[in-house]
Amino acid sequence: MKLLLLLMTAGVSESAFAYIDPGTGSLLLQGLLAAIVGALAGIKFYWKKISNAVARLFGRRQSSDQE
Amino acid sequence: MTFGGMSIEGGSFRDPRGRVYSHDGRIFRTITPKAQGDYRKLVESGLYSRLVDKHWLTATVELAISDEQTGGLVVEHERLPFVSYPYEWTFSQLKAAALHQLDVHLEALNHGLTLSDASAYNVQFIDANPIFIDLLSFRRYEEGMLWVGHRQFCEHYLHPLLFTATFGIPFNHWLRSSMEGLSGQDLVSLMPLHRRLSPRTFLNVTLPSWLQRSSSNNDAAIERASKARLRKATLEFMLRSLRDWVSSLNPKVGNTTWGDYYEVTHNYSDSESRAKHRIVSEFITRWKPTMVWDMGCNTGEFSETALSAGATRVIGFDFDQMALEGAYRRAKERKLAFLPLFQDAANPSPDHGWNGVERKSLMSRRNADALIALAFEHHLAIGRNIPLDHLIAWLVSLAPVGLVEFVPRGDSNLDRLLRHREDVFDDYTEDNFRSAIEAVAQVDRVDVVSASGRKLYWYSRRA
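Attention here is on the structure that accompanies the text. (Residues numbered from 1 in each chain as written. Chains lettered and ligands numbered in written order. Predicted model: local features only at pLDDT ≥ 70, side-chain atom pairs only at ≥ 80, totals over all residues. Heavy atoms only, no water.)

### Examining the pairing of strand β12 (residues 313-318) of chain B
Residue and element names in this part refer to chain B.
For step 1, the next point in the chain: Counting buried positions along β12 gives five out of six residues, so the element sits mostly inside the fold.
For step 2, the next point in the chain: Bridge count for strand β11 (residues 291-295) against β12 is five bridges, and the pairing is parallel. Looking at the pairing, Val292 lines up with Val314 of β12.
For step 3, the next point in the chain: Once you follow β12 into helix α14 (residues 321-333) and on to strand β13 (residues 338-342), the crossover reads as right-handed. (Buried < 20%, exposed > 50% of the residue type's maximum accessible area, 1.4 Å probe, protein only. Helix = DSSP H or I, 4+ residues; strand = E, 2+ residues; numbered from the N terminus. Pairing = 2+ DSSP bridges. Right-handed = clockwise from strand over helix to strand, strands pointing away.)

Structure follows, in structure tokens:
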């Protein structure tokens, strides 16, 4: 549970203008969404490197757009 | 509590950055110095004029005076024809308001602003069209901001819609009792397991409500949660997926279809129906009212006739959700100046909420110049045991002139109301109906409209 909550709230920023109570359930959900999106973005960023690494492992040529 | 001698609106207290005042039929809003940056951004980003041009936001004029209490700005809002509340809306109206809320938010994000809340009370209807009314909900957006109004959106819009879509029970009674809407925990408790676990419900309702409960004593989690950052694209994704979901929701309905509803229940032969329409037209032509209230409006057939005859605007009331859906569809498809609303005349909307003044009663929102109440009184006098004289006095109090139908014994609709019960209505006679009117108004004219002896009484209140 602790790990899950930690994962959901990985980012850091000050929340503004909460004159209504946003509710921890809703905030944690948004934290989760942010974490998932972050993870997906991370996967996308590293995808090329990983796929190239895999390609190298199997002895194929690197894709041409690799620097 | 006063602003230059004006009275503050009872529902205007949650957001300390401004207040709404009404005076002499005009609506004013103060904007404290703290809120002026956001207000300027709203105007300067072009969002304000874009929304007002599309009739998505009430038009506002900045006044050349300042609020002596805070030194803030004073603006004047366009006045709405009638203020209605979510518990008076049909499913389709709450759904239209929900979509409007999301559309305004998405448009705001395009202009570098966001919405600080998602209260269904910030949306009103002008005829069939939703309009956003809270200028102070707009805030400057900064990358990473959370959607603070997400829970309120769920409680005010999503949960009530899901409730009616899942169980086929109108949300109106629930929303009337609870100013904060329907909580996720209450909704989840009602839902069978397979519903709780269906993907969208799980993500938007079950999971947040479980997180809310399990983190309530976990201060560290709450602290971290408030520091999460949401990318703009993710916020837009949330708004768009909620929009898709809400668009797909429909009320669960048994075997009744809207199409046959009116055909089945009215018992006028065509010539009788024509006579009734003709008399409604004559009544409207006689009084040329700006605002008509149509009590028991059903699908709005006679509201439309009143509009064709020259009434500027009609608010219709009924307690039959299906009929109201038909009426709302009529208003929308034919672009009528007609707003149908849910109301049980035997238990009309009260003054309630904080201090008993936050949301106004139907009676304190009276603004009709003329009233029509066709095939209406017998539902209350017989169906709900309201004494005729009380009922007539109430109807006459709603508008200075009116057209009220009397349904006599022997009429098939009235007999149906008495079929399974003892007839304890010795006082239900046309003579008593007439004297009840004469006690509070004068009878200007009487027209017979059916072979069963239905009559339309024209009344006008004594000056």
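### Let's talk about the sheet that holds β11 of chain B
All names here are of chain B.
For step 1, the next point in the chain: Taken together, the seven strands give an open sheet; going across it, the order is β13-β12-β11-β14-β15-β17-β16, and neighbouring strands pair in mixed fashion. Each edge of the sheet is formed by a strand with only one pairing partner; in this case those strands are β13 and β16 (441-448). Adjacent strand axes in the sheet meet at a mean angle of 20°, parallel and antiparallel pairs treated alike.
For step 2, the next point in the chain: Here four bridges tie β11 to strand β14 (residues 370-373), and the two strands are oriented parallel to one another. Considered in β14, the bridge of Met295 is made with Ala373.
For step 3, the next point in the chain: The strands touched by helix α12 (residues 270-287) are β11, β14, β15 (401-406), β16 and β17 (455-461); relative to β17, the strand with the most contacts, the crossing angle is about 15°. (Axes fitted to C-alpha atoms, helices over the stretch in contact; angles between N-to-C directions. Contact = heavy atoms within 4.5 Å.)

### Examining the side chain of Glu405 of chain B
Residues and elements named next belong to chain B.
For step 1, the next point in the chain: Assignment of secondary structure puts Glu405 in strand β15.
For step 2, the next point in the chain: Using a relative accessible area of 0% as the deciding quantity, one classes Glu405 as buried.
For step 3, the next point in the chain: At 2.9 Å, the side chain of Glu405 forms a polar contact with the side chain of Lys276.
For step 4, the next point in the chain: At 2.6 Å, the side chain of Glu405 forms a polar contact with the backbone nitrogen of Ala375. (Polar contact = N/O pair within 3.5 Å; in protein donor to acceptor, adjacent residues only side chain to side chain.)

### So, unusual backbone geometry
For step 1, the next point in the chain: Phi at Asn355 of chain B is positive, roughly 60°, even though this residue is not glycine.
For step 2, the next point in the chain: Looking at where Asn355 of chain B falls in the secondary structure, it is placed in the loop between β13 and β14.

### Brief notes about a nonpolar patch on the surface
For step 1, the next point in the chain: There is a patch of nonpolar side chains on the surface, built from Ile36, Leu40, Ile43, Phe45, Tyr46, Trp47, Ile50, Val54, Leu57 and Phe58 of chain A and spanning about 1,100 Å² of accessible area.
For step 2, the next point in the chain: In this structure Tyr46 of chain A comes out as partly exposed when scored by relative accessible area, which is 45%. (Patch = residues over 30% accessible without salt bridge, like charges linked within 9 Å, V, L, I, M, F, W, Y side chains within 5 Å. Areas by Shrake-Rupley, 256 points an atom, 1.4 Å probe, with all protein chains shown as cover. Salt bridge = Lys/Arg side-chain N within 4 Å of Asp/Glu carboxyl O.)

### Section: the nonpolar core
Residues and elements named next belong to chain B.
For step 1, the next point in the chain: Judged by nonpolar contacts, the single largest core of 141 residues is most densely connected at Phe138, Phe153, Trp293 and Met295.
For step 2, the next point in the chain: Here this core takes eleven residues from helix α3 (residues 91-110), the largest share from any one element.
For step 3, the next point in the chain: Ignoring sequence-local partners within four residues, the contact set of Met295 consists of Phe317, Leu371, Ile372, Ala373, Leu374, Phe376, Trp394, Leu395 and Leu398. (Core = buried A, V, L, I, M, F, W, Y, C linked by side-chain atoms within 4.5 Å.)

### Comments concerning the pairing of β11 of chain B
Residues and elements named next belong to chain B.
For step 1, the next point in the chain: For β11, the tally of buried residues reaches five of five residues, placing the bulk of the element in the interior.
For step 2, the next point in the chain: Going residue by residue along β11, you find Met291, Trp293 and Met295 tucked away on one face and Val292 and Asp294 tucked away on the opposite face as well.
For step 3, the next point in the chain: Each parallel crossover has a hand, and the one from β11 via helix α13 (residues 301-308) to β12 is right-handed.

### Comments concerning the packing of aromatic side chains
All names here are of chain B.
For step 1, the next point in the chain: Applying the stated criterion across every chain, the model contains 16 aromatic pairs over all chains.
For step 2, the next point in the chain: Ring centres of Tyr85 and Tyr121 lie 6.0 Å apart, and the angle between their planes is 50°; this geometry places the pair in the tilted category. You can see Tyr85 sitting in the loop between β6 (72-77) and α3 and its partner Tyr121 sitting in the loop between β7 (113-115) and β8 (123-126), a full 36 residues away along the chain.
For step 3, the next point in the chain: Taken together, the ring pairs in this structure connect Phe406, Tyr428, Phe433 and Tyr457 into an aromatic cluster. (Phe/Tyr/Trp six-rings, centres within 6.5 Å; stacked < 30°, edge-to-face > 60°.)

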